[in-house]
Amino acid sequence: VPDIRDDQAIAIAPPDSLNTSQTLIQFWWEELDDASAYRLEIVRPNFDAPLALVLDSTISATLFEFNLENGRKSAWRMTTFYRLRQRINSCRLM
C-alpha cells in the first residue's frame, strides 16, 4: 500500500476566484504517482452551503473540460483515488 500522507495533487486551473465570460472551463491538476482515478465535483455556490450539485465525475485524466453557466458562482474539488484509499486534494471557488 503506498504511503499517501504527504501526497497532494496541486490544482493548476482554473485559478481561485476565477471571473470569466467563458463557459468552457478547463479543470487541470498535477498527476500523482499510484493514483488510480480522480473524482471531480462541482457545486453551486460552495461546499459549505451547496444548493446544487453541478458535476460529480470519476475520471482517469488530469485535465477535464466542462461547460458552466456564465455568471453563476461555483466551487470545485478534486479527490484522488488509490486502490485502497482516497484523499481530497484541492478545493477552489469560481
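Look up a bit, the structure's there.
Engineer: Explain the packing of aromatic side chains to me, please; I cannot follow it from the model alone.
Structural biologist: What characterises a pair of aromatic rings is the spacing of the ring centres plus the angle enclosed by the ring planes. Applying the stated criterion across every chain, the model contains four aromatic pairs. One aromatic cluster is present, built from ring pairs that chain together Phe27, Trp29, Tyr38 and Trp76.

Engineer: Would you mind going over the side chain of arginine 44 with me for this structure?
Structural biologist: For arginine 44, the location among the structural elements is in strand β3 (residues 37-44). For arginine 44, the residues in contact, after removing those within four places along its chain, are Ala49, Pro50, Leu51, Ala52, Val54, Glu69, Arg72, Lys73 and Ser74.

Engineer: Sorry if this is basic, but what is going on with the sheet that holds strand β5 (residues 63-67) here?
Structural biologist: Paired through their backbone hydrogen bonds, the strands of a sheet run either parallel or antiparallel. The strand order β1-β2-β5 describes an open sheet built from three strands, whose pairing is antiparallel. Edge positions in the sheet fall to β1 (11-13) and β5, since each has one partner strand and no second. Between one strand and the next, the sheet's axes are offset by a mean angle of 25 degrees, whatever the strand orientation. Here five bridges tie strand β2 (residues 24-29) to β5, and the two strands are oriented antiparallel to one another. Across the sheet, residue tryptophan 28 finds its bridge partner in β5, namely leucine 63.

What counts as what
- Residues numbered from 1 in each chain as written.
- Predicted model: local features only at pLDDT ≥ 70, side-chain atom pairs only at ≥ 80, totals over all residues.
- Heavy atoms only, no water.
- Phe/Tyr/Trp six-rings, centres within 6.5 Å; stacked < 30°, edge-to-face > 60°.
- Helix = DSSP H or I, 4+ residues; strand = E, 2+ residues; numbered from the N terminus.
- Contact = heavy atoms within 4.5 Å.
- Pairing = 2+ DSSP bridges.
- Axes fitted to C-alpha atoms, helices over the stretch in contact; angles between N-to-C directions.

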